[in-house]
Amino acid sequence: MQNSVDITIDNFQQVILQDSTTQLVMLEFWAQGYEPSEQLAPVLQAIAHKQGANLLHARVDCQAQPDITAQFGVQNLPTVMLIKDGQPIDGFAGVESEANIQAMLDKHLPKPQDELFAQATAMAEQANYQEAFTLVKQAFDLDPNRPDIKLLLADCQVEVGQVNQAKELLATIGLVDQDGYYRSILGKIELAEQAAESPEIIALQQALENDPDNLDLKVKLAVQLRQANQLEEALSLMHSVLLQDLNFQDAKKLMLDMINALPDGEPLKSQYRRKVYSLLY
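Predicted, not measured: the structure shown is a model, and the values here were computed from it.

Cut-offs used in this document
- Residues numbered from 1 in each chain as written.
- Predicted model: local features only at pLDDT ≥ 70, side-chain atom pairs only at ≥ 80, totals over all residues.
- Heavy atoms only, no water.
- 1 Å grid on protein atoms, 1.4 Å probe; cavity = no way out; pocket = protein on both sides within 12 Å on 5 of 7 lines; lining within 4 Å.
- Points joined across faces, edges and corners; volume = space filled by probe spheres on them.
- Helix = DSSP H or I, 4+ residues; strand = E, 2+ residues; numbered from the N terminus.
- Buried < 20%, exposed > 50% of the residue type's maximum accessible area, 1.4 Å probe, protein only.
- Right-handed = clockwise from strand over helix to strand, strands pointing away.
- Pairing = 2+ DSSP bridges.
- Domains from an automatic or database assignment.
- Axes fitted to C-alpha atoms, helices over the stretch in contact; angles between N-to-C directions.
- Contact = heavy atoms within 4.5 Å.

### Some remarks on empty space enclosed by the protein
No. 1: For the coordinates displayed, the defined rule picks out 1 cavity of 30 Å³ or more.
No. 2: When its volume is computed, the largest cavity comes out at roughly 50 Å³.
No. 3: Every residue along the wall of the largest cavity is listed here: G161, Q162, V163, N164, Q165, N229, Q230, L231, E232 and E233.
No. 4: Those elements that place two or more of their residues in the lining of the largest cavity are α8 (163-170) and α12 (231-244).

Next up, the structure:
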C-alpha cells in the first residue's frame, strides 16, 4: 500500500484535511541539497515503511511549495509535524534518531489493543460474546489497566459463564468509570446469580446433599448450572462424575460439549480439556 506522498497545492486538502481523519500523517518539510534534510529523509522513509497503513508519510519540498511552508510557519529544516484531523498534534525540528521518532509516533499511532477492542465491541454488539471474549481477552492481556477494556471483558465473562471472574474484575473499576455500562453489567451478574438459585437448582442441590454419590443427580445439576452460567461449578461436577465413572451415561459427551462451547482464551477451556484428556489417555 502506498503510504508516501509529495504534498502540492492540488492534493493539500485531500491529505491534510481528509486523509488525516482516518490515519496519522507524518508531514516532513525538507529542501533538496540541504544536508540535515538528506540525513533525516531515509530515517523517516524507513519508519513509514515499517508502519504501513497506520501512517501516511507526506513530504513538502519547501523550495517548490513556499506557500504551504509559510502556512505552517516552518522556520527550520528539516521540520516534521504529526497531523491528525487536520491539526498538528506533535513534531520536532532538526535531525532526530529513529528511536526518538518512533517513541513520538507510539504516543499517537493506534495500538494493537485498540483494534482488538474495536473488533470485540463489534462482536458484542452482535451478541457474539464468544468471539468478543476471545478478542477482548487479548486486548486485556496487552493493557490490563484500561477501564473500557475491563468493562467489556467483564460483560463477556458474564455472558460466557464466568460470573465470579466478572465480579472480581468489576471490583477493580474506579468510581470515575462506574458508568451506566458498569451498572448494566452488575445487573447481569445479579440476574445470573438469581438464576443459580432457581427452585430446580436448589432442589437438585438438596437431593445431592442427601445422596452425594448419585451420579445422575450430579449430571442433572451440572446441566442446570451451565444453563445458569455457573460454568466453573458445572465443569467441576461433570469432572467428578467422570472420575467416578468415565462411561456414565452421556457425561463424557456433555462435558466435552461444555468445554468446546467455551471461547478461545478462556482458561477453563484448556484447564478442563487437559483434565478430560488425562482421563481418556
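There is more to say, and it comes next.
### Description of the pairing of strand β2 (residues 24-30)
When a strand is regular, its side chains alternate between the sheet's two faces.
No. 1: Burial analysis of β2 places 7 of its 7 residues in the buried class, the great majority of the element.
No. 2: By the alternation rule, side chains of β2 split into L24, M26, E28 and W30 and V25, L27 and F29, which are all buried.
No. 3: For the crossover from β2 across helix α2 (residues 35-51) to strand β3 (residues 55-61), the handedness is right-handed.
No. 4: Of the pairings in the sheet, the one linking β2 to strand β4 (residues 79-84) comprises 5 bridges and is antiparallel in character. Note that in β4 the partner of E28 across the bridge is V80.

### Structural notes on the domain arrangement of the protein
How large an interface is tends to be reported as the accessible area lost when its parts come together.
No. 1: Split by domain assignment, the protein resolves into domain 1 (4-107), domain 2 (112-195) and domain 3 (198-279).
No. 2: Taking only C-alpha atoms into account, the centre of domain 1 sits 60 Å from that of domain 3.

### Brief notes about the environment of Q18
No. 1: As for its placement among the helices and strands, Q18 is situated in helix α1 (residues 12-18).
No. 2: Spatially, the C-alpha atoms of Q18 and G86 are 7.3 Å apart, while their sequence positions differ by 68 residues.

### Points about the sheet that holds β2
No. 1: Ordered in space as β1-β3-β2-β4-β5, the 5 strands form an open sheet in which the pairing is mixed. Two strands close off the open sheet at either side, each with one partner strand: β1 (4-6) and β5 (87-93). Averaged over all adjacent pairs, the angle separating strand axes in this sheet is 20°, with direction ignored.
No. 2: When β4 meets β5, the two strands line up antiparallel, connected through 6 bridges. Residue T79 lies in a different strand from β5, and its bridge partner there is A93.
No. 3: The strands touched by α2 within the sheet are β2, β3, β4 and β5, with β3 carrying the most contacts at an inclination of about 155°.

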